[in-house]
Structure formats: structure tokens, C-alpha cells
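Here's the letter readout for the chains.
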Amino acid sequence: QVQLVESGGGLVQAGGSLRVSCAASGRTSSTYATGWFRQAPGKEREFVAAIDWSGGNTYYADSVKGRFTISRDNAKNTVYLQMNSLKPEDTAVYYCAGQVTRRGVRLDPGEYDYWGQGTQVTVSS
């Protein structure tokens, strides 16, 4: 079992920056990739970014490419999402999730095996 805990959400003005973290505990060696997803009120959960276990491969949604950066510190079992140039449409609950399957990094939330509780990010205009 792996437990994920997000932190670092909050309220920021448009154009500002925020970094959210995802700390893992338990059988972390079973995790092949970690993804960040977000869900705004009334909308489906959507992919934001993902990173493989080595940190050598990263993936981004088009809507955040060039503004967000995903990274990881394996010594701390933590994955980060640095969010710059934030927009009001980035407002959502941000979740991190772990993928066990080793057949490539997945972008579909349905293919992730365990989830954190989420952290709220609110961007004011």
C-alpha cells in the first residue's frame, strides 16, 4: 500500500506562483509514475502533469505546458508541481496519484491506482 499526501495549496492572485507537493509513504517502490490531476467544480477530473519514477520523462497537458513544472526528489519520496503564471481557470482541487503499471506513463486518471486527498488551489483575478 502507498499513501499520498498533498500540501501547498492556497489562494494566489493571477500571474502568481504556487508549489504543491505530494509526499508518499509505504511501498513507494511499487510506484512507476506519479501524476497530478485537477478537478474544478462541475467538471471532470483532468490530467495536468506526470513524471516517471526516474524523473527522466515528464508529460504535461497543453493547458499548462510552459507554465507548470513537475519534478521529484526520490530521497524524500516527494513529487512537486511548480505552477507559474497562474490563471483563474487553474482554480481546482489538485490531486496526486500513483501508477503501478510499468507499461508507459499514463495520462488517464482511471489508470492510476492510488490517490491523495487533494489540495485546493484558488487563483483570483
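In case you missed it, the structure is sitting above this.
Report on the accompanying structure. (Residues numbered from 1 in each chain as written. Predicted model: local features only at pLDDT ≥ 70, side-chain atom pairs only at ≥ 80, totals over all residues. Heavy atoms only, no water.)

**Details of the layout of surface pockets**
Here is step 1 of the chain: Taken as a whole, the largest pocket holds about 210 Å³ of empty space.
Here is step 2 of the chain: Of all the secondary-structure elements, those providing two or more residues to the lining of the largest pocket are strand E3 (18-26) and strand E8 (78-83).
Here is step 3 of the chain: When grouped by side-chain class, the residues that make up the lining of the largest pocket number six nonpolar, eight polar and two charged. (1 Å grid on protein atoms, 1.4 Å probe; cavity = no way out; pocket = protein on both sides within 12 Å on 5 of 7 lines; lining within 4 Å. Points joined across faces, edges and corners; volume = space filled by probe spheres on them. Helix = DSSP H or I, 4+ residues; strand = E, 2+ residues; numbered from the N terminus. Nonpolar A, V, L, I, M, F, W, Y, C, P; charged D, E, K, R; others polar.)

**Quick look at the packing of aromatic side chains**
Here is step 1 of the chain: A complete count under the given rule lists five aromatic pairs for this structure.
Here is step 2 of the chain: When the centroid spacing of 5.0 Å and the interplanar angle of 75° are considered together, the rings of phenylalanine 37 and tyrosine 112 count as edge-to-face. Separated by 75 residues along the polypeptide, phenylalanine 37 in strand E4 (residues 33-39) and tyrosine 112 in the loop between strand E9 (92-99) and strand E10 (114-115) bring together distant segments of the chain. Tyrosine 112 shares its class with phenylalanine 37; the two are buried.
Here is step 3 of the chain: Grouped by ring-pair contacts, the aromatic residues Phe37, Phe47, Tyr95, Tyr112 and Trp115 constitute a single cluster.
Here is step 4 of the chain: Arginine 45 extends its terminal NZ or CZ atom over the ring of tyrosine 95, reaching a point 3.9 Å from the ring centre.
Here is step 5 of the chain: Above the ring of tryptophan 115, the side-chain terminus of arginine 45 is found at 4.7 Å from the ring centroid. (Phe/Tyr/Trp six-rings, centres within 6.5 Å; stacked < 30°, edge-to-face > 60°. Buried < 20%, exposed > 50% of the residue type's maximum accessible area, 1.4 Å probe, protein only. Lys NZ or Arg CZ within 6 Å of the ring centre and 35° of its normal.)

**A look at the state of the cysteines**
Here is step 1 of the chain: In this structure the tally under the stated criterion is one disulfide.
Here is step 2 of the chain: Sulfur-sulfur distance for the disulfide between cysteine 22 and cysteine 96 comes to 2.1 Å. Judged by the torsion about the S-S bond (65°), the cysteine 22/cysteine 96 disulfide is right-handed. In this pair, cysteine 22 sits in strand E3 while cysteine 96 sits in strand E9, placing the two residues 74 residues apart along the sequence. Of the two residues, cysteine 22 and cysteine 96, neither departs from the other in class, the shared state being buried. (Disulfide = S-S within 2.5 Å.)

**Structural notes on the pattern of salt bridges**
Here is step 1 of the chain: All told, the structure shown has five salt bridges when counted by the stated rule.
Here is step 2 of the chain: A salt bridge links aspartate 90 to arginine 38; the nearest nitrogen and oxygen atoms lie 2.9 Å apart. Taken as a pair, aspartate 90 in the loop between E8 and E9 and arginine 38 in strand E4 lie far apart in primary sequence, 52 residues in all. For the pair shown, aspartate 90 and arginine 38 are each scored as buried.
Here is step 3 of the chain: A salt bridge links glutamate 111 to arginine 106, with the shortest nitrogen-to-oxygen separation between them at 3.4 Å.
Here is step 4 of the chain: Judged by relative accessible area, which is 24%, arginine 106 ranks as partly exposed. (Salt bridge = Lys/Arg side-chain N within 4 Å of Asp/Glu carboxyl O.)

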